[in-house]
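# Coordinate inspection notes
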Amino acid sequence: MSVQNVLNLIKEKNIEWVDFRFVGLSGKAQHISLPATEVDEDTFVNGVAFDGSSIPGFRGIEQSDMVMMPDTETAYVDPFTAHPTLIIMSNIHTPEGERYDRDPRSIAQKAEEYLQTTGVGTTAFFAPESEFFIFDDVRFENGMNKSYFEVDSEEAGWNTGRKEEGGNLGYKVPVKGGYVPVAPMDSQQDIRSEMCNKLADAGLRIERHHHEVATAGQAEINFRFDTLTKTADNLLKYKYIVANTAREYGKVATFMPKPLFGDNGSGMHVHMSIFDGSEPLFYEKGAYANLSEMAINYIGGILYHAPALIALTNPSTNSFKRLVPGYEAPVNLVFSKGNRSAAVRIPIAAVTPKGCRIEFRTPDSTANPYLAFAAMLMAGLDGIKKKIDPRALGYGPFDTNIYEMSDSEKAEIRSVPGTLDEALDALAADSDFLIEGGVFTQDFIDNYIELKRGEAKAVAIRIHPHEYNLYFDC
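Description of the structure in this document. All of these numbers come straight from a predicted model, not from anything done at the bench.

### Quick look at the side chain of Thr94
Structurally, the position occupied by Thr94 is in the loop between strand S6 (85–93) and helix H3 (104–118). Taking relative accessible area as the criterion, Thr94 reaches 7% and is therefore assigned buried. Not counting chain neighbours up to four residues away, the residues in contact with Thr94 comprise Arg59, Val67 and Tyr100.

Structure follows, in structure tokens:
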């Protein structure tokens, strides 16, 4: 979409405000709104100034001036504002006009540019499956003398005995019993459909939606794959529309990986493939799961670098509450066709040559998608470049249920890091594959590790309510 097309859209839709957005290291969108009357061609040349020192992990107060450079291809009309508003994503530049090395969106674009310099292929496609919960009530507090959280859902399994005005109608989703039931057990068909309608109006191609495994309103909506940066843009759009549609219904959506103890968490399984023009490069008929050697080497790079990669794909302390055995979590660093207990799965049902892909199941939606997708591509390309063979390294294929293997058999399988600090240690020790081609910088990685270690420490030093169960009467 050209600048002129955006200006025409502002007139056609009677837009009153233009909302310029960027994304910080956390992956959360930030925004500044300008009156539409103040937006002209110069806005897209000169950008929109903002204070970078107020964004965690960006710049110090002594060099705080930064500039948003709008990307006209990302423009869409906000479906929620009372005053007609146009949303446009931006890259971050320095006042001197240089692309900012800590800008996640620029890193994603540099990863795509690096792919084209390698001669491997022209385009990497990504498709995330980002799960979430829809709750009716969320309360939490952390203070000197109290610490708690409490969530509730009208369909939660723990509410079978709750007295409700008008009577308890009894249809509650059991723990681990929520995978694709019909109504009345699935009470959230309409809210998910409304989310999908709004997503489609905003430009996403919706493929399906359904209730997920966990009780208390776990859901999944799948949208069509696209190139790396566009898919990251779409994921931010997806999370924004899901959260605000839930709010319109008087509910709240969360992409937190493990908001409930004792039931499945929410992942973000990421499907990936590489094309050369229109030719799919991951397909080879008759090979294992119809995968080419290039695809096998890509898997090798993902699994070899996984401990470091997970610092970017699972970057929260809560991520590691999900990555535990027993809840369909992909904690085993192996690959398999169709096996959901493996970190890397190769979908084999109804797959065409162009649909041949790999699925990295470990990530979750606390990840900044620009950083996570870029890091996955860099790990896979390193595997292709070095011809890393996951079979030779003992990463599979494992086509049996790993959870049913003996302890001695499981001992041979490498697992994901157990904590965020362990993942950050791995990233500190293994980051050369990210720096290749100048996609990530050492400054970015050092800064990112410092920021995330601060989050891990903030959780570690706080008193956990369960410690009272364990130690109060010591």
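### Some details on the pairing of strand S3 (residues 48–51)
Here S3 shows a buried face lined by Val48 and Phe50 and an unburied face lined by Ala49 and Asp51. Pairing between S3 and strand S4 (residues 65–70): four bridges, direction antiparallel. By the bridge assignment, Ala49 is partnered in S4 with Val67.

### A closer look at a negative patch on the surface
A grouping of Glu38, Asp40, Glu41 and Asp42 is seen on the molecular surface, where their side chains present a negatively charged patch. Structurally, Asp42 is set in helix H2 (residues 41–46). Classification of Asp42 by relative accessible area gives partly exposed; the value is 47%.

### A closer look at unusual backbone geometry
Along the chain, Ala183 connects to Pro184 via a cis peptide bond; the corresponding omega equals 10 degrees. The residue Pro184 is located in the loop between strand S9 (147–152) and helix H4 (189–201) in this model. A cis amide bond links Gly396 to the next residue, Pro397, at an omega of 10 degrees. Here Lys176, not a glycine, exhibits a phi torsion of approximately 60 degrees, which is positive. Residue position: Lys176 is located in the loop between S9 and H4. Even without being a glycine, Val180 presents a positive backbone phi close to 50 degrees. The topology assignment puts Val180 in the loop between S9 and H4.

### Some details on a nonpolar patch on the surface
Side chains of Val138, Phe140, Phe149 and Val252 sit close together on the surface and give an oily, nonpolar patch of about 400 Å² of accessible area. Along the polypeptide, Val138 turns up in strand S8 (residues 137–142). Of the residues examined, Val138 reaches a relative accessible area of 36% and is grouped as partly exposed.

### Here's the deal with helix H6 (residues 293–304)
Counted at 1.5 Å a residue, the expected span for H6 with its twelve residues is 16 Å, and the 16 Å between its end C-alpha atoms agrees. Within H6, nine of the twelve residues are buried, leaving the element largely enclosed by the surrounding structure. Those residues of H6 that sit buried are Ala295, Ile296, Asn297, Tyr298, Ile299, Gly300, Gly301, Ile302 and Leu303.

### A few points about the packing of helix H5 (residues 228–248) against helix H9 (residues 369–385)
Axis separation between H5 and H9 bottoms out at 9 Å; the angle between their running directions is 150 degrees. In terms of axis orientation, H5 runs roughly antiparallel to H9. As for the relative orientation of H5 and H9, their crossing is right-handed in sense. From H5, Leu228, Thr229, Thr231, Ala232, Asp233, Leu235 and Leu236 reach across to H9, where they touch Pro369, Tyr370, Phe373, Ala374 and Leu377. Looking at the contact of H5 with H9 residue by residue, the class counts come to nine nonpolar, two polar and one charged.

### Description of the environment of Glu404
Within the fold, Glu404 resides in the loop between H9 and helix H10 (407–410). Spatially, the C-alpha atoms of Glu404 and Tyr114 are 41 Å apart, while their sequence positions differ by 290 residues.

### Topic: the packing of helix H7 (residues 306–313) against helix H11 (residues 420–429)
Axes are the key here: two packed helices are described by the angle between their axes and the distance separating the axes. One way to put it is that H7 packs onto H11 with a least axis distance of 7 Å and a crossing angle of 120 degrees. Relative to H11, the crossing made by H7 is left-handed. Between H7, through Pro307, Ala308, Ile310 and Ala311, and H11, the contact on the second element is made entirely by Ala423, Leu424, Ala426 and Leu427. A breakdown of the residues in the contact of H7 with H11 according to their chemical character gives eight nonpolar, no polar and no charged.

Parameters and conventions
Residues numbered from 1 in each chain as written. Predicted model: local features only at pLDDT ≥ 70, side-chain atom pairs only at ≥ 80, totals over all residues. Heavy atoms only, no water. Helix = DSSP H or I, 4+ residues; strand = E, 2+ residues; numbered from the N terminus. Buried < 20%, exposed > 50% of the residue type's maximum accessible area, 1.4 Å probe, protein only. Contact = heavy atoms within 4.5 Å. Pairing = 2+ DSSP bridges. Patch = residues over 30% accessible without salt bridge, like charges linked within 9 Å, V, L, I, M, F, W, Y side chains within 5 Å. Areas by Shrake-Rupley, 256 points an atom, 1.4 Å probe, with all protein chains shown as cover. Salt bridge = Lys/Arg side-chain N within 4 Å of Asp/Glu carboxyl O. Lys, Arg positive; Asp, Glu negative; His and termini not counted. Charge placed at Lys NZ, Arg CZ, Asp CG, Glu CD. Expected span 1.5 Å × (residues − 1). Axes fitted to C-alpha atoms, helices over the stretch in contact; angles between N-to-C directions. Parallel < 35°, antiparallel > 145°, perpendicular 65-115°, else oblique. Left-handed = near helix turned anticlockwise from the far one by under 90°. Nonpolar A, V, L, I, M, F, W, Y, C, P; charged D, E, K, R; others polar.

None of this, on its own, says anything about what the molecule does.
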